[in-house]
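# Descriptive structure summary
Listed below, chain by chain, are the residues.
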Amino acid sequence: MARKITYQQAINEALDQEMARDQTVIVMGEDNAGGAGSPGEDDAWGGVLGVTKGLFHKHPGRVLDTPISESGFIGAAVGAACNGMRPVAELMFVDFMGVCFDQIFNQAAKFKYMFGGKAETPVVIRTMYGAGFRAAAQHSQCLYNIFTHIPGLKVVVPSNPYDAKGLLIQSIRDNDPVIFMEHKVLYTMEGEVPEEVYTVPFGEAAVVREGDDVTIVAIGRMVSFAQEAAASLQKKGIHCEIIDPRTTSPLDEDTILESVENTGRLVVVDESNPRCSMASDIAGLVAQKAFGALKAPIEQVTAPHVPVPFTDALEDLYIPNAAAIEAAVTRVKEYR
Amino acid sequence: MARKITYQQAINEALDQEMARDQTVIVMGEDNAGGAGSPGEDDAWGGVLGVTKGLFHKHPGRVLDTPISESGFIGAAVGAACNGMRPVAELMFVDFMGVCFDQIFNQAAKFKYMFGGKAETPVVIRTMYGAGFRAAAQHSQCLYNIFTHIPGLKVVVPSNPYDAKGLLIQSIRDNDPVIFMEHKVLYTMEGEVPEEVYTVPFGEAAVVREGDDVTIVAIGRMVSFAQEAAASLQKKGIHCEIIDPRTTSPLDEDTILESVENTGRLVVVDESNPRCSMASDIAGLVAQKAFGALKAPIEQVTAPHVPVPFTDALEDLYIPNAAAIEAAVTRVKEYR
Amino acid sequence: MSETLNRESLLEAYRTMRTIREFEERVHNDFATGEIPGFVHLYAGEEASATGVCMHLTGDDYIASTHRGHGHCIAKGVDPVGMMAEIWGKATGTCKGKGGSMHIADLEVGMLGANGIVGGGGPLICGTALASKIRGDRTVGVCFFGDGASNQGTIFEAMNLATVWNLPAIFVAENNGYAEATSSTFSVACDNIADRASAFGMPGVIVDGFDFFAVHEAAGEAIRRARDGGGPTLIEMKLSRYYGHFEGDQQTYRAPGEVQKLRETKDCLLQFRKRVTANGEITGEQLDAIDAEVKAMIDGSVVKAKADPKPAAADLMTDVYVSY
Amino acid sequence: MSETLNRESLLEAYRTMRTIREFEERVHNDFATGEIPGFVHLYAGEEASATGVCMHLTGDDYIASTHRGHGHCIAKGVDPVGMMAEIWGKATGTCKGKGGSMHIADLEVGMLGANGIVGGGGPLICGTALASKIRGDRTVGVCFFGDGASNQGTIFEAMNLATVWNLPAIFVAENNGYAEATSSTFSVACDNIADRASAFGMPGVIVDGFDFFAVHEAAGEAIRRARDGGGPTLIEMKLSRYYGHFEGDQQTYRAPGEVQKLRETKDCLLQFRKRVTANGEITGEQLDAIDAEVKAMIDGSVVKAKADPKPAAADLMTDVYVSY
Ligand SMILES: Cc1ncc(C[n+]2csc(CCOP(=O)(O)OP(=O)(O)O)c2C)c(N)n1
Ligand SMILES: Cc1ncc(C[n+]2csc(CCOP(=O)(O)OP(=O)(O)O)c2C)c(N)n1
Ligand SMILES: [Mg+2]
Ligand SMILES: [Mg+2]
């Protein structure tokens, strides 16, 4: 039987294998080793949740701790990418993008275009997102829609260990800046992951489940909730097709459109706040390009338009869940 | 006949009148006076394009020049708002949000919720956006979709001098943080503006033109392009209804949905890049809530998914124009 | 000993420090049982800093705090009972359970919030201080931040802005030697954080942050100067945290025995007790009595927090402008 | 006079400074006719800085520049003919007309771009320098920035990071006294930008930025130290811009006669000419000949720029990953 490892281990393995293969791959971030200058262990942490653990000693000189200066070191990753490196910089929580977004969206993303093609910026920014950790409003956001909006950025949202490894290797090899979004709740998810090196291409959605009644497009952690809902709906005779875009930019429009051409019904599931979200993006796409096939309103299942609350009593209500998906699918299925 | 002034003058007048009425209103930004510490005039600039000109001497001590430290002074505006002031801070170009976004979206926007209702942050951030000035990729973006995504922020996009004045006064009086988006090309637009103080409420769209065939929702500068297109289409017997949301958050959903209930056809015009944009947001809204009325695909007329190019030859192609709107309207009208 | 520190003040200072310590030890223990959700960063060991600074402040002065905010909250007058309920995610919490440990705030007592964003408080406190200055009401703003935060652009910008605008703002760098697992000897490119003051045109002071009296004196001078229109000061407190960066941290980056030694030789409560009881001004029994009262109060806060209700579902959508 | 400055080097330095001056004067004149689009920020007056620094660099070293970038580009070896076409928005421009004045870059000669974001270059140059260090190839990175930019968080963070990582990076603060209309005496909270170096654990030097030789010497020392693994340096050039912040600026914030006086007494080209012709090493005629050659070259660049084609419509969608 194939080997099973966690999402977190898959990410670690991808980094390890690419660092071994290519000496220009470097890793940097706050406590990515963990212990710089400290009297004890020099790789005490391996990232705040241990994702980069062990790389420091395996790849001497290429795993760098940084001061808490996100503009400084994310920008440095961009600059190093312009000078022959393939840096993988960690923005610990995506919520911190507000202190360093300029280096990402005005610098890395725009160089190639502004410079008339004269620059490549093969930088990867790994970052943790999502609710569910009782981490409150400043440590639980999704925000991938913001990066998706920006021309020049590619945005990756793996929903399982297999994709996490293959998409991260692809990200490192890609010549454009890539935002690699890791859902913190998924770190412990186990799945079959080949030991060998492989890539998952960008812009190719996965059809996670086939079905003829309703198309569900779900992102990141929401894929597993969609699967839960679909399994339940199956028992009621409703057959869902589930699509996991895997990358929001580029977006595999064809797979989504073809599915809706067949089912005529669409539910989009996005953990983020609703306005100008991926949910609305995909809904808008289908309302323009597959309108003729649509038999029902397009439902968006998202978090409400409020910050992420701390207490479990509210956070659990905040996060879209399988029941909400099931209800939305039922509504669009029953729509006449 | 009513007095005509420019969009820029309307903004200046709103600031002037509110500063006179309420001593807690303060204005700050880079060169908002212009000349701090300099040997010559101490209000030499009044903002980079002169929008705040004259306020410095009229309201002594309440118009502040700042160092080039956007996190510093935008955050200071937020802090002052927590301590009894109603600051109006200028982020010169919205493109600079990347160096100070944290103070806007994690601090100002979230305080009230995170603190269980224990804070009010009545801060206004005035900022210049949009293409058309040959100002290239880092000085021409729209980005209002990013602010619209964030719960806790209100976002205002006036399309004419009358609204600019009334909406700015409303923004200053509002108790939530407001992003006030000024299109740089509109500064010279003239229109009738009452001298007296008035407000334009948030969340109330303007029906700029009535028509039964196709609904056009257009934002900011795009409103005038929509009018141009509508005038031309009128001659061809196609009657457009044009809706200007005026605020993207809150969004007046009802006015949009009612119009589409009547016309059955929708074109959304948004100068920004297309992904996760206001165009997709409104398309998604209608595809969910007015689906039954829809007779044609929802068309989104936006800039392409590329940075803003410098040269006029390309920038003019980048910006959505009346011809593109006309073509989209014609397509949805002719759709069977 | 400064003249403001009469017997009553000393007892108050001790009570505040003890309350912080007891609060943190209790959260530490309860976290270990798995009942407390989320990320919790404890202030134990650093009590003299928050206490010595905030004793000079009134409810009209503001402070901005950090992810490690419990001590600043208590010292600034936030009710520990509400705080405990907040950390347990209850509707009776300071922030109705919506904020949690990293976002406790109470503007009514001038506490502008713990902050989940490292360095976030610097600009904010410039703002409250700007309002103070414009009103001319002699109030001040104090920004607490860590050694790690001292490398964040927001803190640098805020210090520059505070001098440029001549604001009544005080920057208190709590240098506990680590930002997570990273040493300040690595992350801070100069010898002392206080050495950066001159780069921003303000006085810089280094203070033994275990010594309540040293803190109190240095803070008093800086706050007085700020109230008098003399502008900002940077104070660096040299101190240590007794627990991990957050609860759960194994701290393998620290030297063996590092904390134990500090607890035994430098602890702010021990030092304080020794000093004030030395001349008989205050007796050990008096302090013991405070210890007991504080313990009872904190015990009670936990009992109450556990019993209190969680927010109702409807609270999800309140306290924010909602539109969609 | 440094040993590297033989006759040939001196003539090269003069040619570079003259090229920058001529380029900027020409853009100034052509902007006035309304033919040049967008925002243009001229470097005239500051030529000694870019030239004296970049003479120490090879094509493998990197520089990061600012909105006022023409001088840095020319000094680093970007072709002025392509630059002129870029400013005119032509397909033959350095960046195919897509970048314009504020975004001229040419990575093949180590020019990482003018930058429309004040302070944007600081972190970037840490990155190129980090690559240099990891490869161990003795290349360096130089970040040019203004007095206004010196208050931006990115610059502070970059200086700290450069020391923490011991990078071969040089920070060149071009203090021309103003950020737009705001004086550096207002915006910089300490006396000299160079005074900030100690806050970031690096040497700081103040240099007369009108004096090519002073610039050349200070930059040489800093760059040599960086190549040798000695870490970063902050150099503050005291200088002035001859034109407005951007073209169209009326400059009413300046003192009457301020620029005129500098042009007459401090101008870098005049000073240079006086000094090198004083001992007869180089004659005035030789310099005049350079002036004439440069003028012809710049004239030619304008004639060409005007005649060159604009980009084709299809270019809108190239040079970026496109998906929608
Ligand atoms: C902008 C930002 N970057 C990183 C983090 C993650 N983080 C939280 S606390 C911390 C260390 C802070 O160190 P220091 O400022 O010394 O405070 P201490 O924890 O020692 O009290 C880090 C890196 C964050 N919350 N915000
Ligand atoms: C982040 C950011 N803030 C503000 C601006 C607007 N701006 C452009 S140049 C400039 C002044 C820069 O002053 P300085 O750094 O001294 O450079 P100088 O123009 O004098 O060469 C300002 C405020 C900007 N481009 N980017
Ligand atoms: Mg610390
Ligand atoms: Mg300057």
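Residues numbered from 1 in each chain as written. Chains lettered and ligands numbered in written order. Predicted model: local features only at pLDDT ≥ 70, side-chain atom pairs only at ≥ 80, totals over all residues. Heavy atoms only, no water.

### A short note on the overall build of chain A
For clarity, the threshold we go by: Here a strand is any run of E in DSSP of at least two residues, a helix any run of H or I of at least four, and the numbering for each starts at the N terminus. We compute the radius of gyration over the C-alpha atoms and compare it with the globule rule, which gives 2.2 Å times the number of residues raised to the power 0.38. The buried label goes to any residue with under 20% of its type's maximum accessible area, the exposed label to any with over 50%, and the partly exposed label to all in between, with areas taken from a 1.4 Å probe on protein chains only. In this analysis, two residues are considered to be in contact whenever any of their non-hydrogen atoms come within 4.5 Å of each other. The Shrake-Rupley method, run with a 1.4 Å probe, gives the accessible areas here. Residue values count only the displayed protein chains as cover. His is not counted, nor are the chain ends; Lys and Arg add positive charge and Asp and Glu add negative charge. Lys charges are placed at NZ, Arg charges at CZ, Asp charges at CG and Glu charges at CD.
The helix and strand inventory of chain A stands at twelve helices and 14 strands. In terms of C-alpha radius of gyration, chain A reaches 20 Å, essentially the compact-globule figure of 20 Å for 336 residues. In terms of overall dimensions, chain A has C-alpha extents of about 65 × 45 × 45 Å along its principal axes. Within chain A, the proportion of its 336 residues that are buried is 76%. If you take every contact in chain A between residues at least 6 apart in sequence, the share linking residues at least 24 apart comes to 80%. As displayed, chain A offers around 8500 Å² of accessible surface, 47% of which is attributable to carbon and sulfur atoms. One finds the centroid of the 28 positive side-chain charges in chain A at a distance of 3 Å from the centroid of its 44 negative side-chain charges.

### Details of the domain arrangement of chain A
Residues and elements named next belong to chain A. Put simply, the rule is: Here the limits of each domain have been adopted from an automatic or database domain assignment. Throughout, buried area stands for the accessible area (probe radius 1.4 Å) lost by two parts on being put together, summed over both. The term salt bridge refers to a side-chain nitrogen of Lys or Arg lying within 4 Å of a carboxyl oxygen of Asp or Glu.
What the domain assignment lists for chain A is domain 1 (4-192) and domain 2 (206-334). Computed from C-alpha coordinates alone, the two centres of domain 1 and domain 2 are separated by 27 Å. Both sides of the domain 1 and domain 2 interface together cover about 2100 Å² of buried area, and 57% of this is carbon and sulfur. Of all residues in domain 1, the largest losses of buried area upon contact with domain 2 belong to R134, Y144 and V157, amounting jointly to 28% of the total for that side. On inspection of domain 1 and its partner domain 2, the count reaches three salt bridges.

### Some remarks on the relation of the copies chain C and chain D
To go from the first copy of the chain to the second, apply a rotation about an axis and then a shift along the same axis. Convention followed: Least-squares fitting of one copy onto the other uses the C-alpha atoms of those residues that reach a pLDDT of at least 70 in both copies.
Of the transformation placing chain C onto chain D, the axial shift is 0.0 Å and the rotation is 180°, giving an RMSD of 0.0 Å. Seen this way, the second copy is the image of the first under a two-fold rotation axis. Closest to the rotation axis within chain C is the C-alpha of G153 of chain C, separated from it by 1.9 Å. With an isologous cut-off of 70% or more, the 100% of interface residues of chain C that recur at the interface of chain D puts this contact in the isologous class.

### A look at the site of ligand 1
Going by this rule: The cutoff for a nearby residue is simple: one of its non-hydrogen atoms must lie within 4 Å of the molecule or strand. Here a polar contact is recorded for every N or O atom pair within 3.5 Å, except that within protein the pair must consist of a potential hydrogen donor and a potential acceptor, and residues adjacent in sequence are included only if both atoms are side-chain atoms. For this classification, the nonpolar set comprises Ala, Val, Leu, Ile, Met, Phe, Trp, Tyr, Cys and Pro, the charged set comprises Asp, Glu, Lys and Arg, and every other residue, Gly included, is treated as polar.
Not every one of the 21 residues close to ligand 1 is listed here, only the nearest: E70 of chain A together with H67, R68, G116 and G148 of chain C. Around ligand 1, the neighbouring residues derive from chains A and C rather than from a single chain. Between ligand 1 and the protein, one listed contact pairs a nitrogen atom with a backbone N or O atom of G116 of chain C at 2.7 Å. Here V118 of chain C contributes a backbone N or O atom positioned 3.0 Å from a nitrogen atom of ligand 1. Out of a free accessible area of 580 Å², ligand 1 has 96% covered by protein chains. Looking at the shell around ligand 1 residue by residue, the class counts come to eight nonpolar, eight polar and five charged.

### Remarks on the coordination of the magnesium ion (ligand 4)
Residues and elements named next belong to chain D. We count it as follows: Listed donor atoms are N, O and S within 2.8 Å of the metal (Na, K and Ca: 3.2 Å). As water is not included, a site may look incomplete.
Distances from the magnesium ion (ligand 4) to its protein donors, D147 (OD), N176 (OD1) and Y178 (O), fall within 2.0 to 2.1 Å. In primary sequence terms, the donor set of the magnesium ion (ligand 4) follows D-x28-N-x1-Y. Residue N176 is classed as buried on the basis of its relative accessible area, which comes to 7%.

### A word on the site of ligand 2
Near ligand 2, the surroundings consist of 21 residues, among which E70 of chain B together with H67, R68, G116 and N176 of chain D are the closest. Taken together, the residues near ligand 2 originate from chains B and D. Between a nitrogen atom of ligand 2 and a main-chain N or O atom of V118 of chain D, the distance comes to 3.0 Å. Note that an oxygen atom of ligand 2 is positioned 2.8 Å from one of the backbone N or O atoms of Y178 of chain D. A total of 580 Å² of accessible area belongs to ligand 2 in isolation, and the protein chains cover 97% of it. For the shell around ligand 2, the residue count by class is eight nonpolar, eight polar and five charged.

### What about the relation of the copies chain B and chain A?
Once chain B has been moved 0.0 Å along the axis and rotated by 180°, it coincides with chain A to within an RMSD of 0.0 Å. With an isologous cut-off of 70% or more, the 100% of interface residues of chain B that recur at the interface of chain A puts this contact in the isologous class.

### Quick notes on the nonpolar core
As a reminder of what qualifies: Side-chain atoms within 4.5 Å link the members of a nonpolar core, which is a set of buried Ala, Val, Leu, Ile, Met, Phe, Trp, Tyr and Cys residues.
In this structure, W165 and F171 of chain C together with W165 and F171 of chain D are the most contacted members of the largest nonpolar core, which totals 292 residues. Among all residues touching F171 of chain D, those that are not within four sequence positions of it are C126, C143, F145, A158, M159, A162, M202, P232, T233, L234 and I235 of chain D. If you look at the next biggest cluster of nonpolar residues, it comprises 65 residues, including V40, A48, A50 and W88 of chain D.

### Remarks on the coordination of the magnesium ion (ligand 3)
Residue and element names in this part refer to chain C. Protein coordination at the magnesium ion (ligand 3) comes from D147 (OD), N176 (OD1) and Y178 (O), with a distance range of 2.0 to 2.1 Å. Between consecutive donors of the magnesium ion (ligand 3), the numbers of intervening residues give the motif D-x28-N-x1-Y. Highlighted residues: D147 in the loop between β2 (141-146) and α6 (153-164) and Y178 in strand β4 (residues 178-179), separated in sequence by 31 residues. Of the two residues, D147 and Y178, neither departs from the other in class, the shared state being buried.

### Details of the confidence of the model for chain C
In low-pLDDT regions, the fine details of the predicted coordinates are not to be read closely. Selection rule: pLDDT measures the predictor's confidence residue by residue and takes values from 0 up to 100.
Overall, the predicted model of chain C reaches an average pLDDT of 97, with 98% of residues at or above 70. Across the predicted assembly, pTM comes out at 0.98 and ipTM at 0.98.

### Brief notes about the interface of chain C and chain D
Contact with chain C, which involves 19 residues of that partner, is made by 19 residues of chain D. At the boundary of chain C with chain D, total buried surface from both sides reaches about 1500 Å², with 59% on carbon and sulfur atoms. The tally of links from chain C across to chain D stands at zero salt bridges. Where chain C packs against chain D, one counts twelve residue pairs in polar contact (both at pLDDT 80 or more). Where the side of chain C that touches chain D is concerned, the elements lending two or more residues are α6 and α7 (184-187) of chain C. The greatest single-element share of the side of chain C that touches chain D, amounting to six residues, is contributed by α6 of chain C. Residue composition of the side of chain C that touches chain D, grouped by class: nine nonpolar, eight polar and two charged.

### What about the state of the cysteines?
Residue and element names in this part refer to chain D. Put simply, the rule reads: Here, two cysteine sulfur atoms that lie within 2.5 Å of each other are counted as a disulfide.
Applying the stated criterion across every chain yields a total of zero disulfides over all chains. Distance from the sulfur of C95, which forms no disulfide, to the nearest cysteine sulfur (C73) is 8.2 Å. For C95, a relative accessible area of 0% puts it in the buried group.

### Brief notes about the pairing of strand β13 (residues 266-270) of chain A
Residues and elements named next belong to chain A. In plain terms, the rule: Only strands joined by at least two bridges in the DSSP assignment are considered to pair.
Across the five residues that make up β13, a large majority, five, are buried. A two-sided burial pattern is seen for β13, the buried positions comprising L266, V268 and D270 on one face and V267 and V269 on the other. Alignment of strand β10 (residues 214-218) against β13, held across four bridges, turns out to be parallel. Bridge pairing in β13 links T215 to L266.

### Comments concerning the sheet that holds β13 of chain A
Residue and element names in this part refer to chain A. This is how the line gets drawn: Lines fitted to C-alpha atoms define the axes here, with helix axes fitted over just the stretch in contact, and angles between the N-to-C directions of these axes take values from 0 to 180 degrees.
With mixed pairing, five strands are arranged side by side in an open sheet as β9-β11-β10-β13-β14. A strand with exactly one partner marks an edge of an open sheet, and here the two such strands are β9 (206-209) and β14 (299-302). With strand direction ignored, the average angle separating the axes of adjacent strands in the sheet is 25°.

### Things to note about the environment of I20 of chain D
Residues and elements named next belong to chain D. Within the element layout of this structure, I20 appears in helix α1 (residues 7-32). By relative accessible area, which is 0% here, I20 ends up buried. Sequence-distant contacts of I20, that is, excluding residues within four places in its chain, are made with Y43, E47, T51, G71 and I74.

### Examining the pairing of strand β10 (residues 214-218) of chain B
In summary, the side chains of a regular strand alternate between the two faces of the sheet. All names here are of chain B. Stated precisely, the cut-off is as follows: Crossover handedness is defined here as right-handed if the route from the first strand over the helix to the second strand goes clockwise, with the strands pointing away from the viewer.
The element β10 is extensively covered by neighbouring structure, given that five of its five residues are classed as buried. Burial of the side chains of β10 extends over both faces: V214, I216 and A218 are buried on one face and T215 and V217 on the other. Pairing of β10 with strand β11 (residues 240-244) involves four bridges; the strand directions are parallel. Looking at β11, one finds that I216 is bridged to I242. As a crossover connection, the stretch from β10 through helix α8 (residues 222-235) into β11 is right-handed.

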